[in-house]
Amino acid sequence: MINKKSFASLAASFAVSALSLPAMAGSLTIDGNFSDWGIKNNGTVAGWTPNSGITYVVEDQSNSNGGYLSPGWGGQAYDAEAMYLTTYTRANGQTYLAIGMITGHDPSTATGGNSYGRGDFAIDFGRNGTWDFGILTADRTATLHQGDVVSTSNANWATGLWSAPGVYDPANSSYVTAVTGGTDVGNASLAISSAFGNMGTLGGNHWFYELEIPVSVFGQYWGANGPTESFDLQWTMLCANDLITLDPVAYVSEPGSLALVLGALGLSGLARRRKSRK
């Protein structure tokens, strides 16, 4: 059973000079505490809902289907459950992209046998299937460390166990999981919480990842008024049993502004976006 907040997404990929994202009135404290996002672990569905000005998606899945999550299995221990995003400018004049993510996957999980550790956050500007940046949640090489923002191509990513939902095929998986190379372009602030319970109505332990990234690291992909292309944000663990993907531009909560963008491009409809790609 999936408890999911539905969003409309754009019918086609597009690029404009600048795409505005909703922004919070104030900045966040990057300490692994989600209270300043407005999230509450109060044992209700409403607890997932953040403050206004934050784009988000919730995919809280139970273990009722033999632990199937999509594209793989694993139940609560491999469940990626919610992702949040906002932007703000601090007093120093620097604009930041802030990301929050809740998962049932223990970040201390070791990799070995049938156990798989935490993955990295991936960003695809242009939503064209090329993952342009990774934000590392752990040390990956002798020179690429936790908190690094890395410019990547798809060749710089390890992939998971599945070539399609439910198809175990590690040799042909395209689901990116962790950065293996690329160019270090900057640093993000990263905090990971300790375990907490009472999240949503399905129970189990959860962990919260919180990141703050200076948008200057994105170079040409981020202008004075926001991202210059629509983008996907994704996270999964090293096996890619469960992926969570957020399309921030599609979830802009200012319908007037979104209508202007759609009208200018001659787009007439919106379509639901699938969570995972084949």
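Given the structure is predicted, the values throughout are model-derived calculations rather than measurements.

A.B. asks: How should the side chain of Glu 210 be read in this particular structure?
C.D. replies: With respect to the helices and strands, the residue Glu 210 is situated in strand S15 (residues 207–214). No salt bridge is formed by the buried Glu 210. Its closest oppositely charged neighbour is Arg 90, at 8.2 Å. A polar contact of 2.8 Å, which involves the side chain of Glu 210, links it to the side chain of Trp 37. Ignoring any residue separated from it by four or fewer positions in sequence, one finds Glu 210 in contact with Leu 28, Thr 29, Ile 30, Asp 31, Gly 32, Asn 33, Asp 36, Trp 37, Ile 99, Ser 189, Leu 190 and Ala 191.

A.B. asks: Can you help me understand the environment of Gln 76 in this one?
C.D. replies: Relative to the elements of secondary structure, Gln 76 occurs in the loop between strand S3 (55–61) and strand S4 (80–89). Sequence separation between Gln 76 and His 206 is 130 residues; the distance between their C-alpha atoms is 8.9 Å.

A.B. asks: What is the right way to look at the side chain of Thr 177 in this model?
C.D. replies: Within the fold, Thr 177 resides in strand S12 (residues 176–179). Among the residues examined, Thr 177 registers a relative accessible area of 1% and is labelled buried. When sequence neighbours within four positions are dropped, the list of residues in contact with Thr 177 reads Gly 119, Asp 120, Trp 157, Ala 158, Thr 159, Gly 160, Thr 236, Met 237, Leu 238 and Ala 240.

A.B. asks: So what exactly am I meant to see when it comes to unusual backbone geometry here?
C.D. replies: Most peptide bonds are trans, and most residues other than glycine sit at a negative phi. Going from Ser 70 to Pro 71, the amide bond is cis rather than trans, its omega being 10°. The topology assignment puts Ser 70 in the loop between S3 and S4. Ser 70 gets classed as buried once you look at its relative accessible area, which sits at 15%. In this model, Asn 198 sits at a positive phi of 60°, which is unusual for a non-glycine residue. Relative to the helices and strands, Asn 198 is located in the loop between strand S14 (189–192) and S15. Take Asn 198: its relative accessible area is 46%, and that puts it in the partly exposed class.

A.B. asks: Which parts of the structure should I look at to understand the pairing of strand S8 (residues 148–151)?
C.D. replies: In regular strands, side chains alternate between the two faces of the sheet. Of the strand pairs in this sheet, strand S7 (residues 133–135) and S8 are connected by three bridges, and their pairing is antiparallel. The residue of S8 that forms the bridge with Gly 134 is Val 150. Note: S8 against strand S13 (residues 183–187), four bridges, orientation antiparallel. Within S13, the position partnered with Val 149 by the bridge is Gly 186.

A.B. asks: Would you explain the sheet that holds strand S18 (residues 231–235) in this entry?
C.D. replies: Strand pairing in a sheet relies on backbone hydrogen bonds, with the paired strands running either antiparallel or parallel. The strand order across the open sheet formed by six strands is S13-S8-S7-S6-S18-S19, and the pairing between neighbours is antiparallel. Edge positions in the sheet fall to S13 and strand S19 (244–246), since each of these pairs with one other strand and no more. Averaged over all neighbouring strand pairs, the angle between strand axes comes to 25°, with direction disregarded. With three bridges connecting them, strand S6 (residues 121–125) and S7 associate as antiparallel partners. When the sheet's bridge partners are listed, Phe 121 is paired in S7 with Ile 135.

Definitions and cut-offs
- Residues numbered from 1 in each chain as written.
- Predicted model: local features only at pLDDT ≥ 70, side-chain atom pairs only at ≥ 80, totals over all residues.
- Heavy atoms only, no water.
- Helix = DSSP H or I, 4+ residues; strand = E, 2+ residues; numbered from the N terminus.
- Buried < 20%, exposed > 50% of the residue type's maximum accessible area, 1.4 Å probe, protein only.
- Lys, Arg positive; Asp, Glu negative; His and termini not counted.
- Salt bridge = Lys/Arg side-chain N within 4 Å of Asp/Glu carboxyl O.
- Polar contact = N/O pair within 3.5 Å; in protein donor to acceptor, adjacent residues only side chain to side chain.
- Contact = heavy atoms within 4.5 Å.
- Pairing = 2+ DSSP bridges.
- Axes fitted to C-alpha atoms, helices over the stretch in contact; angles between N-to-C directions.

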